[in-house]
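Chain by chain, the residues run as shown.
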Amino acid sequence: MKEANDSSNVVNLSQRLDPSSGRGGDLLNAVRNIASRRLQQYIGNMFEHVDDALFDLAEKAENNAAQMHYFDGMREVRKRRPVVERAFLALVSRELNDFASGNTAATASPVAASHTPTPPVPGSVELSLVADNELEESLAITSMIGKNESRLGRDLFAVNQRLSVICGGTRIEDATNPIGPALLAQSFRQAMRELNADMRVKLIIYKLFDRYVMSALEELYQEVNAELMRAGVLPQLRHEVLRSGGAGAGAGAAAGGAAASGEIPQPLPADDSEASAELLQTLRALFSARRAHPTVPLAAMTAGPLPTANELIGALSVLQSQAAMVSMPQPAAGHMSTVDIAEQVLHLKEQLMSQLGSLRGQRPGQIATIDEDTIDLVGMLFEFILEDRNLPPQMQVMLARLQIPYLKAAILDRKLFAHRQHPARRLLDGLADAAKSWSEESDRDGRLHDTIKAIVERLLQEFDDDMTIFDRLSAELQQFQESNRRRAELAEQRVAESTRGREKLEQARRRAAREILNRIGGNALPPLIHGVLSRAWANYLVLTILRKGEESNDFREALRFVDAFIASTRPVRTPEAKRDLLQLLPGIERALRKGLANVAFQEADIEKLLAQLHGYYRQQLGEAAPASAQPEAAAEAAPAPLPIPESIQPIAESVDELDDVTTEPAEDTIAPDVREQLERVKVLKPGTWLEFGGQDEHFERAKLSWISPMSGRYLFVNRRGLKVGDFSPYELALVMAEGRARVLASNALFDRAMDAIVDRLSHEETRPGESP
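Residues numbered from 1 in each chain as written. Predicted model: local features only at pLDDT ≥ 70, side-chain atom pairs only at ≥ 80, totals over all residues. Heavy atoms only, no water.

Explain the overall build of the protein to me, using residue names and the numbers behind them.
Of regular secondary structure, the protein possesses 28 helices and five strands. Counting every position in the protein, which comprises 772 residues, the buried fraction comes to 44%. Pairs at least 24 residues apart make up 74% of the contacts formed inside the protein by residues separated by at least 6 positions. A total of about 39,100 Å² of accessible surface is found on the protein, and carbon and sulfur atoms cover 52% of it. (Helix = DSSP H or I, 4+ residues; strand = E, 2+ residues; numbered from the N terminus. Buried < 20%, exposed > 50% of the residue type's maximum accessible area, 1.4 Å probe, protein only. Contact = heavy atoms within 4.5 Å. Areas by Shrake-Rupley, 256 points an atom, 1.4 Å probe, with all protein chains shown as cover.)

This is the structure:
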């Protein structure tokens, strides 16, 4: 290592510069000048496009109110543009100044400020709207930051390392880099507070900021890196990810470059979980063991140079253009195309070798090991998709067409299988998750089918080597899913409330009937009294339970009336009994008038009923002769009909009848296969998807939306939030045991596929004598 006073301009990590020194300050000034110049250019370019974007949206607005929002936004932007531009550039300049002075607390200020919600005004009716707007804005900013930090990872890492050197060894990360996506986005969010516009307008501006400012940061970082390299700051730092080495090669290259110049390497950001890394290592070991038993004799392999990555991408692009011209099957035709698409998936490797032969004039005998493993791994992924019962057959066909674009993506970026958050991986998982809920019945308008179809076709037609297309398509899919989710949640909520209401009503009816039947017991009541209690008064009890509750005074008073009404039928044989009955009658009449009026009895019907009761009680008191004792009435043996609507019938004739309603088989009488499914049913959580089979091979996919706390029944809805069915736990277990319903997996498609591939390769390894 050269001495510190050597004339060389190379800066070592072990020689940490002091940012307050002349050399460190000059370098930071150079970074500041580059950033200021470029950001001023980028932000100006962005605002040049705002007017056109808002005008286009105004022309396409669904109503006048929305159109006015966009026109108002245009006027506000024109008026406040200089203020917002100055505020943004001033905030960035302040961040750079604070960074140069080592004031890390200030460096985080815009982020902290942007994440701190405005204190709500007590009692404000706009509190919910403000919270929703804050959330939407935060999601837009967070998404923008995450996407660009991932996209710019290589150049941003190099900037971080070099800034760390000229700042005395202070660790610089993406979130604390003053010209990193995080602080730039948060600074722009701060500046946007100068704009008094509708949140829809602000979200459009954020998208334009992402398109015209964040997308141009690569040029900014490359210029900063070039300037610092010319100044001798880590000139040998290699921050590119090597094509053939995947994520691990990128780390080794960066570390190797630092070590070669005698520098202390900084660790790379850890963006993989240990589980993903272990899985990838397992796959590599299994592929290595697989190659130890080749199916093609070595003598049959022709010599010649191995195809390069560019040759592979070129050949795949030709195959992709051919695949893009094949028309997508309609939903009803999905089953007919499954065999054809399966053939294409299985023979892609052969087609690729043939295409390579056409392009180079000689068919290669073999390809690089890592490329062959990648081709096989992607092939197995799409074979799994065609076998995955989680996906409807029509959706399997559509997603399987993505094999070529995903093979290109895997060759271009080896991190696809290592990173759970890789954009291509997230897109495929998102498509599979959306497809899982699809059925012809729930997608009658074809919106979900057409959305997935459009994304597949765009990838086939547009994907060349720009990996950002996966982020863009993921955002579009997420926006579509979010829009549908909100509509479905409203419908789902209505279904749940309706079901909950019916259950409360049924529970109230059963409680009312039980109270009345228990009090009647073995008493043989006159038909008039029995009819009033089991029909009219039972209705009033139900209404009281629903409105006031079972613990209310009104419900207790209604039950006391039942006791008094039954007591009024006892024979009157003594003066004391006559006195007691006379004391009961005024209260009985008042209670009946009040109760029957509450259940919408007509006044005339109430008077008719009371007249019949007056006649009955006069007989009880001995004030009138029984009807059978009057000769002229002897022929009229049938009693007068009760003035109660025919629609009001007794809830149950006996307590045993009430008990039979909810009876399910005893545990020891349930068949073993049903008991096994019953255990699975008991652990199901809301949000779990099931597939239900119907007649004529018709299948419906439904989500467990709600489990009733009263009856324990399971409510299922489709992707639109509409009810598909409801089952008791035993009923659902019986349907599953009969094979008419099955639970769909809840984990991501990629994770399921990787586990299945490892399992498949492991079994192949145990049968080395057989052909893989």
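Just give me the short version of the confidence of the model for the protein, but keep the residues and values in it.
For the protein, the mean per-residue pLDDT works out to 79, and 77% of the residues sit at or above 70. Ranking the helices and strands of the protein by mean pLDDT puts helix 7 (residues 181–191) first, with 95, and helix 10 (residues 246–260) last, with 34. Residue range residues 239–273 is modelled with pLDDT below 50. Its contacts to residues more than four positions away, or to other chains, number 54 contacts. Every residue in residues 332–336 is under pLDDT 50, and counting partners more than four places away or in other chains gives five contacts. (pLDDT = per-residue confidence, 0-100.)

Go over the nonpolar core with me, naming the residues and quoting the values.
For soluble globular proteins, nonpolar side chains are generally found buried alongside one another. If you look at the biggest cluster of nonpolar residues, it comprises 68 residues, and the most contacted ones within it are Tyr406, Ile452 and Phe470. Per element, the largest residue contribution to this core is nine residues, and it comes from helix 15 (residues 369–387). Ignoring sequence-local partners within four residues, the contact set of Tyr406 consists of Val378, Phe382, Leu416, Ala424, Leu427, Leu428, Leu459 and Phe470. Formed by 64 residues, the second largest nonpolar core is a distinct cluster that contains Tyr70, Ile141, Met144 and Met199. (Core = buried A, V, L, I, M, F, W, Y, C linked by side-chain atoms within 4.5 Å.)

Give me the lowdown on the pattern of salt bridges, citing residues and values where you can.
Inspection of every chain in the model, using the stated rule, returns 49 salt bridges. For Glu173, the salt bridge goes to Arg171, with nearest N and O atoms at 3.1 Å. Across the pair Arg444 and Glu441 runs a salt bridge whose closest N-O atoms are separated by 2.3 Å. Taken together, the shared-partner salt bridges connect Arg511, Glu515, Arg519, Glu550 and Asp563 into one network. (Salt bridge = Lys/Arg side-chain N within 4 Å of Asp/Glu carboxyl O.)

Outline the packing of helix 12 (residues 309–324) against helix 14 (residues 348–360), listing residues and values.
When two helices pack together, you describe them by how their axes are tilted relative to each other and by the distance separating the axes. Where helix 12 contacts helix 14, the axes come no closer than 9 Å and their chain directions differ by 110 degrees. Taken together, helix 12 and helix 14 sit at an angle that is classed as roughly perpendicular. Between helix 12 and helix 14 lies a crossing of right-handed hand. On the side of helix 12, the interface is formed by Glu311, Leu312, Gly314, Ala315, Leu316, Val318, Leu319 and Gln322, while helix 14 contributes Leu348, Gln351, Leu352, Gln355, Leu356, Leu359 and Arg360. (Axes fitted to C-alpha atoms, helices over the stretch in contact; angles between N-to-C directions. Parallel < 35°, antiparallel > 145°, perpendicular 65-115°, else oblique. Left-handed = near helix turned anticlockwise from the far one by under 90°.)

So what's going on with unusual backbone geometry? Residues and values would help.
Even without glycine at this site, Leu234 takes up a positive phi of about 45 degrees. Residue classification places Leu234 among the buried positions, given a relative accessible area of 2%.

Residue-level account of the sheet that holds strand 3 (residues 714–717), with values.
Strands sit in the order 4-3-2-1-5 across an open sheet of five strands; the sheet is antiparallel. Each edge of the open sheet carries a strand with a single partner, namely strand 4 (723–727) and strand 5 (741–743). Averaged over all adjacent pairs, the angle separating strand axes in this sheet is 30 degrees, with direction ignored. Note: strand 3 against strand 4, four bridges, orientation antiparallel. Counted as the bridge partner of Phe716 is Gly725 from strand 4. (Pairing = 2+ DSSP bridges.)

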